[in-house]
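Structural overview
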Amino acid sequence: MAVVIATYADEPAIAFTVVILGGLVQILFGVFRLGSYITLVPMTIVSGFMSGIGCIIILLQIGPILGHPIPEGGTVGAMLALPEILRAVHWDAALVGALTLAIVIFMPTRLTVILPAPLVALVAGTLLVWFLLPGVPVLGDIPIGLPEIRLPTLRWEILPDVASAAMVLALLGSIDTLLTSLIADNVTRTHHDSNRELIGQGIGNTLAGLFGAIPGAGATMRTVINIRTGGATPISGMAHALLLLAIVLGLGPLAGRIPHAVLAGILIKVGIDIIDWNFLRRVRTAPRPTVVLMGMTLLLTVFVDLIVAVAAGTIAASLLFVKR
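The sections below set out a description of the structure shown in this document. (Residues numbered from 1 in each chain as written. Predicted model: local features only at pLDDT ≥ 70, side-chain atom pairs only at ≥ 80, totals over all residues. Heavy atoms only, no water.)

**Notes on the overall build of the protein**
A tally of helices and strands in the protein yields 15 helices and zero strands. Taking 20 Å as the expected radius of gyration for a compact globule of 324 residues, we find that the protein reaches 21 Å, a close match to that expectation. Principal-axis analysis of the C-alpha atoms places the extent of the protein at approximately 60 × 55 × 40 Å. Across the 324 residues of the protein, 40% fall into the buried class. For the protein, contacts bridging at least 24 residues in sequence account for 78% of all contacts bridging at least 6. About 18,100 Å² of surface is accessible on the protein, with carbon and sulfur atoms providing 71% of the total. (Helix = DSSP H or I, 4+ residues; strand = E, 2+ residues; numbered from the N terminus. Rg over C-alpha atoms; globule rule 2.2 N^0.38 Å. Buried < 20%, exposed > 50% of the residue type's maximum accessible area, 1.4 Å probe, protein only. Contact = heavy atoms within 4.5 Å. Areas by Shrake-Rupley, 256 points an atom, 1.4 Å probe, with all protein chains shown as cover.)

**Considering the side chain of Ser-181**
By the element assignment, Ser-181 lies in helix H8 (residues 159–188). Taking the relative accessible area as the measure of exposure, Ser-181 reaches 9% and is therefore buried. Sequence-distant contacts of Ser-181, defined by excluding residues within four places in its chain, comprise His-192 and Glu-197.

**Examining the nonpolar core**
Core analysis: the largest hydrophobic core is formed by 22 residues, its most contacted members being Ile-65, Leu-66, Val-96 and Val-136. Put simply, the parts of the chain that give this core at least two residues each are helix H4 (74–87), helix H5 (91–106), helix H7 (117–131) and helix H12 (260–274). For this core, the element with the most residues is H5, which contributes six residues. Setting aside chain neighbours within four positions, we find Leu-66 in contact with Ile-85, Leu-86, Val-89, His-90, Ala-93 and Ala-94. In this structure, Val-46, Leu-179, Ala-184 and Val-310 belong to the second largest nonpolar core, which totals 20 residues. (Core = buried A, V, L, I, M, F, W, Y, C linked by side-chain atoms within 4.5 Å.)

**Some points on unusual backbone geometry**
Residues other than glycine seldom take positive phi values, yet Arg-33 does so here, at roughly 60°. Position of Arg-33 relative to the elements: it lies in the loop between helix H2 (12–31) and helix H3 (43–65). Positive phi values are uncommon outside glycine, yet Arg-189 reaches one of about 60°. Secondary-structure assignment places Arg-189 in the loop between H8 and helix H9 (194–210).

**Thoughts on the packing of H5 against H12**
Packing of H5 against H12 brings their axes to within 8 Å, and their N-to-C directions diverge by 40°. With respect to H12, the axis of H5 lies oblique. Relative to H12, H5 is oriented so that their crossing is right-handed. Taking contact as the criterion, the partners of Ala-93, Val-96, Gly-97, Thr-100, Leu-101, Val-104 and Ile-105 in H5 are, on H12, Ala-261, Val-262, Gly-265, Ile-266, Ile-268 and Lys-269. In terms of residue class, the contact of H5 with H12 is made up of nine nonpolar, three polar and one charged. (Axes fitted to C-alpha atoms, helices over the stretch in contact; angles between N-to-C directions. Parallel < 35°, antiparallel > 145°, perpendicular 65-115°, else oblique. Left-handed = near helix turned anticlockwise from the far one by under 90°. Nonpolar A, V, L, I, M, F, W, Y, C, P; charged D, E, K, R; others polar.)

Listed below in structure tokens is the structure:
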């Protein structure tokens, strides 16, 4: 999308027309029932994918929980920045982050049924910083207000470029979303409808383009956070959307007081929970090809890219299947 915006910097309406077309393509993917092919991804690859995402979350949140911004350069940048982060710990932020982690890890189960531990940690950590530790970094200013509607614009001479860009966005968004759905299936022991997911997301992206927004896709980390904190039905997604709308319409100043260390503590616990510990405990007894596939997917997820990891893992698993 950055490339699309850069290409049509003088005509942003065309860039967002690409988003609209990409959404329409996703709807067609769902109508023609192309989403079901994602179920062919082996569970070994899903395991590596999940564990890799858990590692990414933990690595990226070490900086914020110790009072530093997330380093640039992804997971590699975060690892390279670790010595500097550890040499200059912001102790107030570390205290808040440690308190948050303690709440989400040790809060009794009988209480979490009534109040989710991450919500308790969020409120407690924010109040602590607000009244006692004002020097801890917080989210800061959040823009408020609604965007204007941008009607689609298109010219015949650029139609091939616009269509190809829309197809790429649709493919990437669809793959990302359906992989996220597989992860959600694995965590909740349920089964999603891939084609319905594509139609729903296509409608969302089409409307997003009308408001000058970039396209969205399934967010694996936020989805797992949602599930781990008790979200089990579409109502949780609706509540998420309504809360974001409330922030945009006026609650931004309140949300801006949330400390980075509090969010980091919550996310580190989520990262720990995402890792497939059941598989890792069976590594010594599991078949060697399965372990290699899982490890390859995990490393590619952490150090290269989520899509590349799943693609490479699935191809390798297919070749192994043919060999067998």
